[in-house]
Amino acid sequence: MTIASGDDGIHADSSVVTKGGNLTITKTYEGIESKIVAIAGGTIDITSADDGLNVGGGADSSGDNIEESAAGDHLIQITGGYVSVNSLGDGLDSNGSFVMTDGTVVVNGPTDDGNGQIDYVETFEISGGVLVAAGSTKTQTSSEMSGQYAIMMTFPETQAAGTLVHLEDSEGNTIATFAPEKEYQSLYISSPDLSKDSSYTLYSGGSSTGTETNGLYTDSDYSGGTLVVDFTISDVMTRLNG
């Protein structure tokens, strides 16, 4: 399914659930909007003028509102599949909670600090899957009760679109190689390959071979980058500054 819309790409007052298939939203105000968005499988690619995934509350471009309810009724849940969001507004926006247990999510988020790649009201718990998000410094990160480790890198200056970032462990194994599609100043990575008391190195620039989809490389061979920082993970959420 391919959608181009002057308003929401997919809208439901109650819930949107995907379990497979291929969905491409090439033009939209908000990509998928509902009180609950549950993604269990399939491939979803969203390019939005505002939020990519929006859960609960707020006016859309037509001025209409989802009926307001308690924040606990609002949920983004990702348990599988592949999701890519390229947004001018928030990438993943939940006026309640956000839970991720599996799958792959790539966010090429907003460039202005009025929005963030990840935005939620209550909690964001990640216990599996891969999430890579680059964009403004306003983005939120995963909650401390998460079962999976993550890093948040804030660069002192805005990085040009396409500037590679590469994260590897102390043995040279790749955790993630990513070339954001837009300029960015912050980078969030959560992966099951990150673990407590292990050492990692983050590089910037350079080049990479392999397959690239929405900026994220797989089966890649990275070289030629500049070392940004060496660090050891001590908490579920590790914050780094260049």
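No experiment lies behind these values; they were computed from the predicted model shown.

A word on the overall build of the chain
At step 1: A tally of regular secondary structure across the chain gives zero helices and 23 strands.
At step 2: The C-alpha atoms of the chain give a radius of gyration of 17 Å, which matches the 18 Å a tight globule of 242 residues would have.
At step 3: Counting over 242 residues, the chain shows a buried share of 53%.
At step 4: Put simply, the chain shows about 9,800 Å² of open surface, and 43% of that area lies on carbon and sulfur atoms.
At step 5: The chain carries 7 positive and 35 negative side-chain charges, and their two centres are separated by 4 Å.

Things to note about the pairing of strand β9 (residues 97-108)
At step 1: Bridge count between strand β7 (residues 75-87) and β9: 10 bridges; the pairing is parallel. Of the residues in β9, the one forming a bridge with Tyr-82 is Thr-104.
At step 2: The pairing of β9 with strand β11 (residues 124-126) spans three bridges and is parallel. When the sheet's bridge partners are listed, Phe-98 is paired in β11 with Phe-124.
At step 3: Judged from the five bridges that link them, β9 and strand β12 (residues 130-135) form a sheet pairing that is parallel. Residue Val-107 lies in a different strand from β12, and its bridge partner there is Ala-133.

Observations concerning the sheet that holds strand β2 (residues 10-11)
At step 1: Taken in spatial order, the five strands of this open sheet run β2-β4-β6-β8-β10, and their pairing is parallel. Bordering the open sheet on either side are β2 and β10 (118-120), each of which pairs with just one other strand.
At step 2: Of the strand pairs in this sheet, strand β6 (residues 53-55) and strand β8 (residues 92-94) are connected by three bridges, and their pairing is parallel. By the bridge assignment, Asn-54 is partnered in β8 with Asp-93.

Some words on the packing of aromatic side chains
At step 1: A full pass over the atoms with the stated rule returns six aromatic pairs.
At step 2: Through a chain of ring-to-ring contacts, three or more aromatic side chains come together here, namely Phe-98, Tyr-120, Phe-124 and Tyr-188.

What about the environment of Thr-226?
At step 1: Within the fold, Thr-226 resides in strand β22 (residues 226-232).
At step 2: With relative accessibility at 54%, the residue Thr-226 sits in the exposed group.
At step 3: Separated by 69 residues in the primary sequence, Thr-226 and Glu-157 place their C-alpha atoms 15 Å from one another.
At step 4: Not counting residues within four places of it along the chain, the set of residues in contact with Thr-226 comprises Leu-202, Tyr-203 and Ser-204.

Observations concerning the confidence of the model for the chain
At step 1: Taken residue by residue, the chain gives an average pLDDT of 94. The fraction at 70 or more is 93%.
At step 2: A low-confidence stretch, residues 62-69 (pLDDT under 50), is modelled with 17 contacts involving residues beyond four sequence positions or located in other chains.

Here's the deal with unusual backbone geometry
At step 1: Although it is not a glycine, Asp-197 adopts a positive phi angle of roughly 65°.
At step 2: Here Asp-197 shows up in the loop between β16 (184-190) and β17 (199-204).
At step 3: Notably, Asn-214 is not glycine yet its phi reads approximately 55°, a positive angle.
At step 4: With respect to the element layout, Asn-214 can be found in the loop between β19 (211-213) and β20 (216-218).

Topic: the environment of Ile-126
At step 1: Position of Ile-126 relative to the elements: it lies in strand β11.
At step 2: Separated by 21 residues in the primary sequence, Ile-126 and Gly-147 place their C-alpha atoms 6.2 Å from one another.
At step 3: Setting aside residues up to four positions removed in sequence, Ile-126 forms contacts with Met-100, Leu-131, Ser-142, Ser-146, Gly-147, Gln-148, Tyr-188 and Ser-190.

Notes on the nonpolar core
At step 1: Ranked by internal contacts, the top residues of the largest apolar core, which has 31 residues, are Ile-32, Leu-92, Phe-98, Phe-124, Leu-131 and Tyr-188.
At step 2: Here Ile-32 is in contact with Ile-10, Val-16, Leu-23, Ile-25, Val-37, Ile-44, Ile-46, Gly-52, Leu-53 and Asn-54, once residues within four sequence places are set aside.
At step 3: Within the second largest apolar cluster, 25 residues are counted, among which are Val-106, Leu-202, Val-229 and Phe-231.

Thresholds, definitions, all that
- The numbering scheme is per chain: residues are counted from 1 as the chain's sequence reads.
- Since the coordinates come from a predicted model, pLDDT governs what is reported: local features require at least 70, and pairs of side-chain atoms require 80 or more to be given and counted, while whole-chain, interface and lining totals use all residues.
- The side-chain values count all of the structure's non-hydrogen atoms but skip hydrogen atoms and water molecules.
- Strands are runs of DSSP state E lasting at least 2 residues, helices are runs of H or I lasting at least 4, and numbering of each runs from the N terminus.
- Radius of gyration: C-alpha atoms only; globule rule: 2.2 Å multiplied by the number of residues to the exponent 0.38.
- Partly exposed describes any residue whose relative accessible area lies between the buried limit of under 20% and the exposed limit of over 50%, with all areas from a 1.4 Å probe on protein chains only and scaled to the type maximum.
- Every accessible area reported is derived by Shrake-Rupley at a probe size of 1.4 Å, with residue values counting cover from the shown protein chains alone.
- His is not counted, nor are the chain ends, whereas Lys and Arg count as positive and Asp and Glu as negative.
- Charge positions come from single atoms, namely NZ of Lys, CZ of Arg, CG of Asp or CD of Glu.
- Paired strands, as defined in this entry, are two strands with at least two bridges between them according to DSSP.
- In this scheme Phe, Tyr and Trp rings, the latter by its six-membered ring, pair at centre separations within 6.5 Å, and the angle between planes marks the pair as stacked below 30 degrees, edge-to-face above 60, and tilted otherwise.
- Two residues qualify as a contact provided that any one of their heavy atoms is within 4.5 Å of a heavy atom in the partner residue.
- Predictor confidence is given residue by residue as pLDDT, running from a minimum of 0 to a maximum of 100.
- The nonpolar core is taken to be a set of buried Ala, Val, Leu, Ile, Met, Phe, Trp, Tyr and Cys residues, with the residues joined through side-chain atoms within 4.5 Å.

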